[in-house]
Amino acid sequence: QSPNSALEVLDVSSTNITDEGAIALGHGLANNKALKDLRCFDISAHGMPLITAAGWQSVFACLQSKESALESLDLRYSSIDEGGLLALTNALSQNSSLKMLDVSHNKQVSAAGWRSFFACLERPRAALEEVHLCENHLANEDMTYLARFLRVNNGMLKTLNLGDCPSVTDAGWAELSNALCGASSVVAIHSSNHALRSLGSPDVPRHLDELLLLNSRGDEVSVAREKILRYHYKNGKAHMQEFANMELNRLHRAASW
């Protein structure tokens, strides 16, 4: 709890910590300026939650502090419930330090709960570079929500690990492809996500995999240029009218290409 603490890694994984311990932990983290890595892996009793929303809210409150140094949060198999995830989502809305978040294998959360959580990916000031969502029963509609937020988050997020996605069909993957390369116009491609490099899933179709690889090859300006040349101007489909409606800063770049 001391603001002078030099502790950088705290691991409470595989413990029987309950609300009482979680609230005490939250109080201890409230004024901490040094902790960078918090591991809460496998906090459950045979898959049943040990910490309620009140306990998680206390733990996650440290993320709302402007002095928080926390960069990595591991919540795999923590049996976090709907209320706990909402507390995390609210805390992340005010956080600008967390870079890695793993909420894989938390199956108590409903589809609606995950879709509310995805909103934290939309924040332009979010520092998140790596998010893990494996084995959370994501389906096509979830891909639609993810795609929406990825179009806004066009900078920091590099890895979105979805793991196996047996419920996601071609239609769901197409939503993500369109977020990475909306090939309907030059402006749509320019506004697409050029930062995401990995989805961590063996189910990713070839076209989407190619876009992820392209994102990993250079800076975002160069990637946008390559996408426009590769996917929009092929087969002579582009029309000069697009340039007439284009903003001046985009027009200057397009003309140079």
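Residues numbered from 1 in each chain as written. Predicted model: local features only at pLDDT ≥ 70, side-chain atom pairs only at ≥ 80, totals over all residues. Heavy atoms only, no water.

**Q** What should I look at first to understand the overall build of the chain in this one?
**A** Of regular secondary structure, the chain possesses 11 helices and 8 strands. Counting only residues that meet the buried cut, the chain has 46% of its 257 residues in that class. Partitioning the intrachain contacts of the chain with sequence separation of at least 6 by distance along the chain shows that 80% fall at a separation of at least 24. When the accessible surface of the chain is summed, it comes to about 12,300 Å², and 51% of that surface belongs to carbon and sulfur atoms. (Helix = DSSP H or I, 4+ residues; strand = E, 2+ residues; numbered from the N terminus. Buried < 20%, exposed > 50% of the residue type's maximum accessible area, 1.4 Å probe, protein only. Contact = heavy atoms within 4.5 Å. Areas by Shrake-Rupley, 256 points an atom, 1.4 Å probe, with all protein chains shown as cover.)

**Q** I would appreciate a short explanation of the side chain of S201 in the present structure.
**A** In this structure, S201 sits in the loop between α7 (186-190) and α8 (206-215). A polar contact of 3.1 Å, which involves the side chain of S201, links it to the backbone nitrogen of D203. Apart from residues no more than four positions distant in its own chain, S201 is found in contact with G163, D164, C165 and W173. (Polar contact = N/O pair within 3.5 Å; in protein donor to acceptor, adjacent residues only side chain to side chain.)

**Q** What exactly am I supposed to notice about the sheet that holds strand β5 (residues 72-74) here?
**A** Adjacent strands of a sheet form backbone hydrogen bonds with each other and so pair up, either parallel or antiparallel. Pairing is parallel across the open sheet formed by 6 strands, whose spatial order is β1-β2-β5-β6-β7-β8. Each edge of the open sheet carries a strand with a single partner, namely β1 (9-11) and β8 (159-161). Looking at each pair of strands side by side, their axes are set apart by 5° on average, direction ignored. (Pairing = 2+ DSSP bridges. Axes fitted to C-alpha atoms, helices over the stretch in contact; angles between N-to-C directions.)

**Q** Any chance you could explain the environment of G21 here in plain terms?
**A** With respect to the secondary-structure elements, G21 resides in helix α1 (residues 19-29). Given the relative accessible area of 25%, G21 is considered partly exposed.

**Q** Explain the packing of aromatic side chains here, please?
**A** All chains considered together, the criterion is met by 4 aromatic pairs. Ring geometry for F41 against Y77: centres 5.7 Å apart, planes inclined by 90°, an arrangement best described as edge-to-face. Placement of the pair is F41 in the loop between β2 (37-39) and β3 (44-45) and Y77 in the loop between β5 and α3 (82-92), with a sequence separation of 36 residues. Following the ring pairs from residue to residue traces out a cluster consisting of W114, F117 and F118. (Phe/Tyr/Trp six-rings, centres within 6.5 Å; stacked < 30°, edge-to-face > 60°.)

**Q** Help me out: how do you make sense of the pattern of salt bridges in this one?
**A** Between side chains of opposite charge, pairing is possible as soon as their charged atoms come close. Evaluation of the coordinates by the stated rule reveals 8 salt bridges. With a shortest N-O distance of 3.0 Å, D142 and R115 are connected by a salt bridge. Here D142 is found in helix α5 (residues 140-152), whereas its partner R115 is found in helix α4 (residues 111-117), with 27 residues between them in sequence. When sorted by exposure, D142 lands in the same class as R115, which is buried. Residues participating in the shared-partner salt-bridge network are D74, R76 and D102. (Salt bridge = Lys/Arg side-chain N within 4 Å of Asp/Glu carboxyl O.)

**Q** How should I be thinking about the packing of helix α2 (residues 53-60) against α3 in this particular structure?
**A** Packed helices, taken two at a time, are described by their axes: the angle between them and the distance between them. Two numbers describe how α2 lies on α3: the axes approach to 8 Å, and their chain directions differ by 20°. Overall, the two elements α2 and α3 adopt an arrangement that is roughly parallel. In this structure, α2 meets α3 at a crossing whose hand is right-handed. Counted together, A53, W56, Q57 and F60 of α2 and G83, G84, A87, L88 and A91 of α3 form the full contact between these two elements. (Parallel < 35°, antiparallel > 145°, perpendicular 65-115°, else oblique. Left-handed = near helix turned anticlockwise from the far one by under 90°.)

**Q** Could you clarify how one ought to interpret helix α9 (residues 220-232) in this entry?
**A** Along an α-helix, residues three or four apart share an orientation, since each turn contains 3.6 residues. Taking 1.5 Å of rise per residue, the 13 residues of α9 would be expected to cover 18 Å, and the 17 Å separating its terminal C-alpha atoms lies within 8% of that figure. By the burial criterion, the buried members of α9 are V223, A224, K227, I228, Y231 and H232. One face of α9 carries all of its buried residues, which in axial projection span an arc of 135°. The N-terminus of α9 is capped by D219, whose side-chain oxygen sits 3.1 Å from the backbone nitrogen of V221. (Expected span 1.5 Å × (residues − 1). Arc of directions from axis to C-beta.)

**Q** Looking at this structure, how should I read the environment of R151?
**A** As for its placement among the helices and strands, R151 is situated in helix α5. A relative accessible area of 31% places R151 in the partly exposed class. Linking R151 and G182, residues 31 residues apart in sequence, is a C-alpha distance of 9.5 Å. Leaving out residues up to four positions away in the same chain, R151 has contacts with E175, N178, A179 and S191.

**Q** How do you make sense of the environment of L10 when you look at a structure like this?
**A** Secondary-structure assignment places L10 in strand β1. The sequence separation of L10 and D37 amounts to 27 residues, and the corresponding C-alpha distance is 6.3 Å. Setting aside chain neighbours within four positions, we find L10 in contact with L25, L35, D37, L38 and R39.

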